[in-house]
Amino acid sequence: MENKEFEEFGKAALDLIVNYNESLRNRNVLPDVEPGYLSKLIPGEAPEKGESWQEVIKDIERVIIPGVTHWNSPHFHAYYPTANSYPAIIGELLSAGIGGVGFSWIASPACTELEVVTMNWLGKMMNLPKEFLNCSEGPGGGVIQGSASEATLVCLLAAKERTVRRIKSLHPDMDEGLIKSKLVAYSSNQSNSSVEKAGLLGSMPMRLLSVDEKCSLRGATLLEAIKKDQEAGLIPCYVVATLGTTGTCAFDNLNEIGPICNEHDIWLHVDAAYAGAAFVCPEYRHLMSGINLTDSFNFNPHKWLLTNFDCSALWVKNSRSLIEAFNVERIYLNHDKEGLAPDYRHWQIPLGRRFRALKLWFVLRLYGIEGLQKHIRHSINLAEKFESLVKSNEKFEIVTERSMGLVCFRMKGDNALTRQLYDLLMSRKRIYLTAATYQEKLIIRFVVCSRLCIEDDIDFAWNEITSQAEVVYALTHQQVDCTDKPIPIPGKNLGTITASIEDLIINEIKISQKIT
Ligand SMILES: *Cc1c(COP(=O)(O)O)cnc(C)c1O
């Protein structure tokens, strides 16, 4: 493809992106396709001769869009947000346009140095302890990882190396394999699945500890688990505390956990994947109190800070721990400026790395601190609006306190009601929510996700939820002998559904599968 054609292709792609964004509000958030839909729409073999870009781009609307779950739709309230903004999209484009991989400084100095600078900007914006920053005295620093999962694993591996070295220095004759076999890690039973996975990948048992009634991991629980393992001859090595759990956005108690970890030489990592973004606003920083006691801190600008996936910000107090764990020297990787700037290949699992700092730089510059604060506050205001709508309706209850942009609610009464409501909502595809359980109660999570979300979209979601709750009530109060009569659904042009006892049972099975 020549330059001229690339320009036309690029312009057409930008138009498509803009039109897509404009259309989001009017689309169903969930696609209407079955597994295997796509292979029926395109040939089973790659084309023999190259096609025109016009042909290819037409297939975005025909083949791709029908099978897209619209994560950036203002009707998307599932999981947590995935960031999306125009500055970040252009940053991605330029990153691809410039190309290259930045595993060492010389491999692409701008790639490394912009990452150092943007990670310092970001750390300062959030008022992280200065020991975490690259610009401070000492071995601290920030690095962009691909995901929070990677950050948790990278720090687990660094903690493992650090502990092995420490035990070796105390007991020089002790076998390294034996030390490794005794290491244990801890986290709460509310932590993200990626935390347990890091334990699996790093061959370290991950104890999933119980939490208090606010879903927060407390110091006493951790201490008890540590003592028990020490008595059994094991070596506590790594703790992952979560600020903003995936289920209910709960915050572990860093002020209690921190001193215990420091006293026992345990690496304390903070996973603030979603909620960390809120620390750009001073009014939420009390929620990271105790951060000075930790070894590493991670959050995802690719969740709630408008920087498209992938961009996960990790800061460590001692980058030497990473380098000691990951440094594998090869003559072809050496260069004569070593030591003057980080060689980020020693801070991560892969060798190659993309120029991710570019999109972060664009977001920070085009929004400014003020713009980002506004985005966070806007999401939280909308969540407060949703919370007050739930509270004003006597059929519903809030389950755990609203936290950040997340509201956990359910229908009062038996779990079956909430199950049915959830299943109806999912089958209608107008809004997308996820379900979870809290103390045996089935709950529905409502998250303000899209940057496009406004008050009207909250009303839209609430109308959809309450109209379907009416249907659930109608179904529940029906007699068994008239179960297959069509039931009118309140609201305009919504059609009718038929309910039978079997339907209800199938619904229950379907939803319990979805939750797990
Ligand atoms: C989303 C989430 C993760 C996983 O993030 P990835 O970047 O997809 O690995 C980890 N921890 C918490 C608390 C999360 O909410």
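Residues numbered from 1 in each chain as written. Predicted model: local features only at pLDDT ≥ 70, side-chain atom pairs only at ≥ 80, totals over all residues. Heavy atoms only, no water.

> Quick question: what am I supposed to make of the site of the ligand here?
Taken together, 14 residues lie around the ligand, and A148, S149, D271, N300 and K303 are the ones closest in. A148 places a main-chain nitrogen or oxygen 2.8 Å from an oxygen atom of the ligand. One nitrogen or oxygen atom from the side chain of H302 is found 3.1 Å from an oxygen atom belonging to the ligand. Listed by contribution, the elements that provide at least two residues to the shell around the ligand are α5 (148-170) and α10 (301-304). For the shell around the ligand, a count of residues per class yields three nonpolar, nine polar and two charged. (Near = heavy atom within 4 Å. Polar contact = N/O pair within 3.5 Å; in protein donor to acceptor, adjacent residues only side chain to side chain. Helix = DSSP H or I, 4+ residues; strand = E, 2+ residues; numbered from the N terminus. Nonpolar A, V, L, I, M, F, W, Y, C, P; charged D, E, K, R; others polar.)

> I tried to follow a nonpolar patch on the surface on my own but got confused; where do I start?
Nonpolar side chains collect at one region of the surface, where L14, I90, L93, L94 and I98 lie side by side and expose about 430 Å² of accessible area between them. The element best represented in the nonpolar patch is helix α3 (residues 86-98), accounting for four residues. For L93, the position within the fold is in helix α3. The class for L93 is partly exposed, based on a relative accessible area of 48%. (Patch = residues over 30% accessible without salt bridge, like charges linked within 9 Å, V, L, I, M, F, W, Y side chains within 5 Å. Areas by Shrake-Rupley, 256 points an atom, 1.4 Å probe, with all protein chains shown as cover. Salt bridge = Lys/Arg side-chain N within 4 Å of Asp/Glu carboxyl O. Buried < 20%, exposed > 50% of the residue type's maximum accessible area, 1.4 Å probe, protein only.)

> Honestly, the pattern of salt bridges in this entry has me stumped. Any pointers?
When charged atoms on two side chains of opposite charge get close, those side chains can pair. Tallied over the entire structure, the rule returns 28 salt bridges. Between R25 and D457 there is a salt bridge, with the nearest N and O atoms lying 2.8 Å from each other. Of this pair, R25 sits in the loop between α1 (3-23) and α2 (53-64) while D457 sits in helix α14 (residues 455-476), and the two are 432 residues apart along the sequence. Among the ionic pairs, E92 bridges to R354, the shortest N-O distance being 2.9 Å. Of this pair, E92 sits in helix α3 while R354 is found in the loop between α11 (319-326) and α12 (357-391), placing the two residues 262 residues apart along the sequence. Under the relative-accessibility criterion, E92 is labelled partly exposed at 23%.

> Mind showing me how you'd approach unusual backbone geometry here?
Note: most peptide bonds trans; most residues except glycine with negative phi. Cis geometry marks the peptide bond from F309 to D310, where omega comes out at 5 degrees. Secondary-structure assignment places D310 in the loop between α10 and β7 (312-316). For Y79, which is not glycine, the phi dihedral falls at a positive 45 degrees. Relative to the assigned elements, Y79 resides in the loop between α2 and α3. Of note, the phi angle at N127 is positive, near 60 degrees, even though the residue is not glycine. Within the fold, N127 resides in the loop between α4 (109-125) and β1 (141-145).

> Looking at this model, I keep getting lost on the pairing of strand β2 (residues 183-188). Mind explaining?
Within a regular strand, the side chains alternate between the two sheet faces. Of all six residues that make up β2, six are buried, and the element is covered over most of its length. Alignment of β2 against strand β4 (residues 235-242), held across five bridges, turns out to be parallel. Across the sheet, Y186 pairs through a bridge with V239, a residue of β4. Here β2 pairs with strand β3 (residues 206-209) via four bridges, running parallel. When the bridges of β3 are listed, S188 appears paired with L209. Regarding the hand of the β-α-β motif, the stretch spanning β2, helix α7 (residues 193-201) and β3 is right-handed. (Pairing = 2+ DSSP bridges. Right-handed = clockwise from strand over helix to strand, strands pointing away.)

> What should I look at first to understand the confidence of the model for the chain in this one?
Caution is warranted with low-pLDDT regions, since their predicted coordinates should not be read in detail. Averaged over every residue, the pLDDT of the chain is 90; the share at 70 or more is 90%. A low-confidence stretch, residues 479-483 stays under pLDDT 50, and its non-local contacts, those more than four residues away or across chains, total four contacts. (pLDDT = per-residue confidence, 0-100. Contact = heavy atoms within 4.5 Å.)

> So what exactly am I meant to see when it comes to the nonpolar core here?
Among soluble globular proteins, nonpolar side chains are generally buried collectively. Grouped together as the largest cluster of nonpolar side chains are 107 residues, with contacts concentrated most on L122, M126, F297, F299, W315, M404 and I465. If one sorts the elements of this core by residue count, α12 sits on top with 14 residues. Leave out the neighbours within four places in its chain, and M126 touches G276, F279, V280, R285, M288, F297, F299 and W315. Among the nonpolar cores identified, the runner-up in size contains 30 residues, and A151, L156, A158 and L322 belong to it. (Core = buried A, V, L, I, M, F, W, Y, C linked by side-chain atoms within 4.5 Å.)

> Is there a simple way to think about the pairing of strand β6 (residues 296-299) in this case?
Burial along β6 is two-sided: S296 and N298 facing one way and F297 and F299 facing the other are all buried. With four bridges joining them, β6 and β7 adopt antiparallel strand pairing. Counterpart to F299 in the pairing with β7 is A313.

> How should the packing of α4 against α12 be read in this particular structure?
The geometry of a pair of packed helices is captured by two quantities: the angle between their axes and the separation between those axes. Where α4 contacts α12, the two axes come as close as 10 Å, and the packing angle between them is 25 degrees. Judged by the angle between their axes, α4 and α12 are roughly parallel. Pair α4 / α12 crosses with left-handed handedness. From α4, L114, E115, T118, M119, W121, L122 and M125 reach across to α12, where they touch A357, L358, L360, W361, L364, R365, I369 and L372. Across the contact of α4 with α12, the residue classes break down as twelve nonpolar, one polar and two charged. (Axes fitted to C-alpha atoms, helices over the stretch in contact; angles between N-to-C directions. Parallel < 35°, antiparallel > 145°, perpendicular 65-115°, else oblique. Left-handed = near helix turned anticlockwise from the far one by under 90°.)

> For this particular structure, what's the right way to read the packing of aromatic side chains?
Any two aromatic rings considered together are summarised by their centre-to-centre distance and by the angle between their planes. Under the defined criterion, the tally for this structure stands at 19 aromatic pairs. Ring centres 5.2 Å apart and planes at 80 degrees place the aromatic pair Y344 and W347 in the edge-to-face group. Judged on exposure class, the residue Y344 and its partner W347 are both buried. The ring of Y80 carries R445 above its face, with NZ or CZ at 5.0 Å from the centroid. The ring of Y86 has R451 sitting right over it, with the charged end atom 5.2 Å from the ring centre. (Phe/Tyr/Trp six-rings, centres within 6.5 Å; stacked < 30°, edge-to-face > 60°. Lys NZ or Arg CZ within 6 Å of the ring centre and 35° of its normal.)

> Explain the sheet that holds β7 here, please?
Sheet strands pair by backbone hydrogen bonding; their relative direction is either parallel or antiparallel. Strand order in the open sheet made by the seven strands is β1-β7-β6-β5-β4-β2-β3, with mixed pairing throughout. The open sheet is flanked by β1 and β3, the only strands paired with a single partner. Shown here is a sheet whose adjacent strand axes are inclined to one another by a mean of 20 degrees, direction ignored. Where strand β5 (residues 267-271) lies against β6, three bridges are found, and the strand directions are parallel. Each bridged residue has a counterpart across the sheet, and for V270 the counterpart in β6 is F297.

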